[in-house]
Amino acid sequence: MENIRVRFAPSPTGYLHVGGLRTALYNYLFAKRNNGKFILRIEDTDQSRYVEGAVENLINALKWSGLEFDEGPDKDGGFGPYFQSQRLDIYNKYAAELVEKKNAYYCFCTPERLTSLRDEQKNQNLQAKYDKHCLSLSEAQIKENLNAGIPYVIRLNVPIGEKVVFNDIIRNRVEFVTATIDDQVLIKSDGFPTYHLANVIDDHLMEISHVIRGEEWLSSTPKHVLLYNFFGWEIPQFAHLPLLLNPDKTKLSKRQGDVAVEDYRAKGYSPEALVNFVALLGWNAGDDKEFYYMDELIEKFSLDRVNNSGAVFDIQKLNWLNTEHFRKLPKDALLNHLKSDIANSEFNEKKYSDEYLLLVIDSMIERVTSTKEILEKSPYFFTEPISYEEESKTKNWKPETPELMSELAKRFSLLGEIKDKHDFEQPLKELAAEKEIGAGKLIHPLRLSVSGMSTGPGVYDILYIIGKEKTISRIEKAVKAI
Ligand code: GLU
């Protein structure tokens, strides 16, 4: 293919929606597959929607997902700036060109007139549309209004009685009649461009070859096509991705579950699983393979295989993929994940050796589906227990238990260097035999003493990992506390 340049062009709302991740991912995969460039452009011309820190969040979420952009904020590729709010002069210059050519016009209508026009159209069951009232203003009147400082917008002059036809890679031929297209505002009364104008100008100037975006933008595309034609610019190829749906087939919404990538991240889902899952929302390779790593997705991805019907967001499938990916993670990746979870947790003050963390991972891997869950399910590897499970206390902590535990601690203290988890087994078995009690009478309260819990990996594994000293001090503490 020729020079492939694609872009992800979010409006910074404060978080990355999973639908946004899907759009970004398909753009990224398409670029990588075709030796193209993946560009990040920030569409921040809506002043009323400014959110502090939104761009940083967005870039972090993309990075976390493994979607590194080739050009964008702080990564100039010669087509910047990549923030639309820094390109206002450009938009105004091109808007003036359209006005000059009569493809756009000044509109001085008051909000009151526009509201009553809309109400009237509604009463008559007509589509809400501007009535081209200001198109008939004379040059002199326009000058006078401008000189008098009357607020204005600039509108697209949509031709009457024509058809706009374009090709979409996913939907093939798409056709709109101009009667259904509003004279879209291009420059707002605050001097900022609307999405439509800025988007078209930037896609042209940034030499975007393919516009890959959500289906919700399909109905805007005829306006864009008109703009390309008015400017005399080559039209990029379009690919509109299917909507994401809730299981009940309504549009994916916050009300029925998490929609932000950050939410899934916080819940401990791995980026590999989320990316794998999102890739399948509207695309498949033509077989029934579902487990993918990014490099395989890059190899297999094509826009021709994107469906045009809505894709259901099935959380069960995400959970399944998350477990699959987790179980297949290599040791060093698990270690890195666990370290970053620790850094973001209440346990971030202490340093743990890689050797220690690998032992923890080995003991817990079969019991969890994320490294974050290791912190939740076995906090005792990182801190002393501060409380003890009530049910286990009632069941396992008998009047004779404190004495038995103290004796056990004493015997552990006589052990030399611990070389194997079974080193702890010997004194426990001996004590049980001497007292003529079952080993369980020691094992359950021992587990409770060192972990505060009644479930987890084998008790000797826990002792071996936390070590002799901590084992003894925790037993002593439990004897006093319980
Ligand atoms: N700024 C638009 C958005 O927030 C971009 C749509 C497009 O890709 O053209 O999704």
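Use the structure listed above.
Quick caveat: nothing in here was measured; it's all calculated off a predicted structure.

Chemist: Help me out: how do you make sense of the overall build of the protein in this one?
Modeler: Across its full length, the protein carries 20 helices and 11 strands. For 482 residues, the compact-globule estimate of 2.2 N^0.38 gives 23 Å, and the C-alpha radius of gyration of the protein, at 32 Å, exceeds that figure by more than 25%. Overall size of the protein, expressed as C-alpha extent along the three principal axes, is 110 × 45 × 45 Å. Across the 482 residues in the protein, those meeting the buried criterion constitute 49%. By element, 49% of the accessible surface of the protein is carried by carbon and sulfur atoms, the whole surface being about 24,100 Å². Where the 62 positive side-chain charges of the protein centre and where its 73 negative ones centre are 2 Å apart.

Chemist: Help me out: how do you make sense of the sheet that holds strand β4 (residues 153–156) in this one?
Modeler: By way of backbone hydrogen bonds, the strands of a sheet pair with one another, either parallel or antiparallel. Pairing is antiparallel in the open sheet, where 3 strands are placed in the order β3-β4-β7. On the outer flanks of this sheet lie β3 (104–107) and β7 (185–187), each paired with one strand and no other. Across the sheet, the axes of successive neighbouring strands diverge by a mean angle of 45 degrees, strand direction being ignored. Inspection of the sheet shows β3 paired to β4 by 4 bridges, in the antiparallel sense. Bridging from a neighbouring strand, Ala104 pairs with Leu156 of β4.

Chemist: Could you clarify how one ought to interpret the pattern of salt bridges in this entry?
Modeler: Think of it this way: side chains of opposite charge can pair up when their charged atoms draw near. One pass over the full model with this rule turns up 30 salt bridges. For the salt bridge of Glu407 with Arg411, the shortest nitrogen-to-oxygen distance reads 2.8 Å. You can see Glu407 and its partner Arg411 sitting in helix α16 (residues 401–413), 4 residues apart, about one turn around the helix. The network of salt bridges with common partners includes Arg7, Arg41, Glu43, Arg87, Asp202 and Asp203.

Chemist: Teacher, can you tell me more about the site of the ligand here?
Modeler: In the region of the ligand, the neighbouring residues are Arg7, Ala9, Ser11, Glu43, Tyr195, Asn199, Arg213 and Trp217. Arg213 places a side-chain nitrogen or oxygen 2.9 Å from an oxygen atom of the ligand. Protein burial of the ligand: of its 290 Å² of free accessible surface, 84% is covered by the chains. Partitioning the shell around the ligand into residue classes produces 3 nonpolar, 2 polar and 3 charged.

Chemist: Where do I start with the packing of aromatic side chains in this structure?
Modeler: Given two aromatic rings, one states the distance between the centres and the angle between the planes to describe the pair. In total, this model carries 23 aromatic pairs according to the counting rule given. Look at Trp283 and Phe301: their rings are 5.7 Å apart centre to centre, the planes differ by 40 degrees, and that puts the pair in the tilted class. Linking Trp283 in the loop between α9 (271–279) and α10 (294–300) with Phe301 in the loop between α10 and β11 (311–312), this pair joins segments that are 18 residues apart in sequence. Across the pair, exposure class does not vary: Trp283 and Phe301 are buried alike.

Chemist: I tried to follow the pairing of strand β1 (residues 5–8) on my own but got confused; where do I start?
Modeler: By the alternation rule, side chains of β1 split into Arg5 and Arg7 and Val6 and Phe8, which are all buried. With 4 bridges connecting them, β1 and strand β2 (residues 37–40) associate as parallel partners. Residue Arg5 lies in a different strand from β2, and its bridge partner there is Lys37. In this view, the connection linking β1 to its parallel neighbour β2 by way of helix α1 (residues 18–33) has right-handed handedness.

Chemist: What's the story with helix α19 (residues 459–466) in this structure? I'm lost.
Modeler: For an α-helix, 3.6 residues make a turn, and residues three or four places apart therefore share a direction. In terms of burial, α19 is largely enclosed, as 6 of its 8 residues are buried. Buried within α19 we find Val459, Tyr460, Ile462, Leu463, Ile465 and Ile466. Contacts made by the buried residues of α19 are with α13 (354–364), α16, α17 (425–435), α18 (440–451) and α20 (468–481). Just downstream of α19 lies Gly467, where phi reads positive at about 95 degrees.

Reading the values: the criteria
Residues numbered from 1 in each chain as written. Predicted model: local features only at pLDDT ≥ 70, side-chain atom pairs only at ≥ 80, totals over all residues. Heavy atoms only, no water. Helix = DSSP H or I, 4+ residues; strand = E, 2+ residues; numbered from the N terminus. Rg over C-alpha atoms; globule rule 2.2 N^0.38 Å. Buried < 20%, exposed > 50% of the residue type's maximum accessible area, 1.4 Å probe, protein only. Areas by Shrake-Rupley, 256 points an atom, 1.4 Å probe, with all protein chains shown as cover. Lys, Arg positive; Asp, Glu negative; His and termini not counted. Charge placed at Lys NZ, Arg CZ, Asp CG, Glu CD. Pairing = 2+ DSSP bridges. Axes fitted to C-alpha atoms, helices over the stretch in contact; angles between N-to-C directions. Salt bridge = Lys/Arg side-chain N within 4 Å of Asp/Glu carboxyl O. Near = heavy atom within 4 Å. Polar contact = N/O pair within 3.5 Å; in protein donor to acceptor, adjacent residues only side chain to side chain. Nonpolar A, V, L, I, M, F, W, Y, C, P; charged D, E, K, R; others polar. Phe/Tyr/Trp six-rings, centres within 6.5 Å; stacked < 30°, edge-to-face > 60°. Right-handed = clockwise from strand over helix to strand, strands pointing away. Contact = heavy atoms within 4.5 Å.

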